[in-house]
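Descriptive structure summary
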Amino acid sequence: MAKLRPMMILPPLIFVGFVALAAVGMYRDDPEGLPSTMVGRTAPGIPQEALDGFPQATPEMLASGEVTLVNFWASWCPPCRAEHPKLLEMQADGLPIVGINIRDTQANASKYLRDDENPFIGVGFDPRGRTSIDWGVTAPPETFILDGEGTVLFRFAGPLVGSDYEQRFLPALREAMGE
């Protein structure tokens, strides 16, 4: 009878382990979503520096007594430009949006908002991206829904466009607004 060597068993065991990990990943609730450690917590701080020529974002804006959005964006970010019309539309509907410009220059960010209109009630300027790290932002654009007390209710990574926006962001926003 042939002797079974450990090195003959190891490759099939590793393969079975990879299959099990893939199955767990495929059948979790939201395989596309990135978990946020901020949901359920008070919103972190916002940059002290203002974007030249625009109202400064303040901590009071995050806990204003009404649902507020916090949008992390950059002038060099194509998806940020794609979602900009949606931000303007939400602003026109009366939804307060705080903008945090990250990893950008004063000149480029200011020019962008002057040329394409400003949807934000206040703008923070974070050229090194330190605030985005505190919020757990992986890349712009990212938008957070805050309740009236400044607690993070939902995090949306990516531009506010398309079916993902309609199927995930809008229901979370409606729920936050009590609709």
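Everything below is about the structure printed above this text.
Report follows, based on the coordinates.

Parameters at a glance
Residue indices follow the written sequence of each chain, beginning from 1 at its first position. Where local features are concerned, this predicted model is filtered to residues with pLDDT of at least 70; where side-chain atom pairs are given and counted, the filter is 80 or more; whole-chain, interface and lining totals use all residues. Values reported for side chains reflect all heavy atoms of the structure, with hydrogen atoms and water molecules removed beforehand. Numbering goes from the N terminus for both helices and strands, where a helix is a DSSP run of H or I of at least four residues and a strand is a run of E of at least two. Classification of residues uses two cut-offs on accessible area relative to the type maximum, computed with a 1.4 Å probe and protein chains only: under 20% is buried, over 50% is exposed, and between them is partly exposed. We call two residues contacting when some pair of their heavy atoms lies within 4.5 Å. We call two strands paired when DSSP finds no fewer than two bridges between them. To define axes, lines are fitted to C-alpha atoms, for helices over the stretch in contact only, and angles between the resulting N-to-C directions are given on a 0 to 180 degree scale. Think of it this way: a Phe, Tyr or Trp ring, Trp meaning its six-membered ring, pairs with another when their centres are within 6.5 Å, and the plane angle makes it stacked under 30 degrees, edge-to-face over 60, tilted otherwise.

Turning our eyes to something else, we now look at the environment of F154. Tracing the backbone through its elements, the reader meets F154 in strand β5 (residues 152-157). Accessibility expressed as a relative area gives 18% for F154, which makes it buried. The spacing of F154 and F144 is 10 residues in sequence and 5.6 Å in space, taken between C-alpha atoms. Excluding its chain neighbours within four sequence positions, the residues that come into contact with F154 are V39, T143, F144, I145, R168, F169 and A172.

All right, on to the environment of L170 then. Mapped onto the elements, L170 comes out in helix α6 (residues 162-176). You can call L170 buried: its relative accessible area is 17%. Separated by 10 residues in sequence, L170 and L160 have C-alpha atoms that sit 9.3 Å apart.

This part covers the sheet that holds β5. Reading across from one edge, β3-β2-β1-β4-β5 is the order of the 5 strands in this open sheet, with mixed pairing throughout. Only two strands of the sheet have a single neighbouring strand rather than two, namely β3 (122-126) and β5. Pairs of neighbouring strands in the sheet enclose a mean axial angle of 15°, with direction left out of account. Here strand β1 (residues 68-73) pairs with strand β2 (residues 97-102) via 5 bridges, running parallel. Considered in β2, the bridge of V70 is made with V98. Packed on one face of the sheet, helix α3 (residues 78-92) meets β1, β2 and β4 (142-146) and runs near 160° to β1. On the sheet, α6 packs against β1, β4 and β5 and is oriented at approximately 165° with respect to β5.

Within this structure, the stated rule accounts for 8 aromatic pairs. Between F156 and F169, the ring centres sit 5.5 Å apart and the planes meet at 65°, which makes this aromatic pair edge-to-face. Of this pair, F156 sits in strand β5 while F169 is found in helix α6, placing the two residues 13 residues apart along the sequence. You'll find F156 and F169 in the same group, each marked buried. These aromatic residues form a ring-pair network of at least three members: F154, F156, Y165 and F169.

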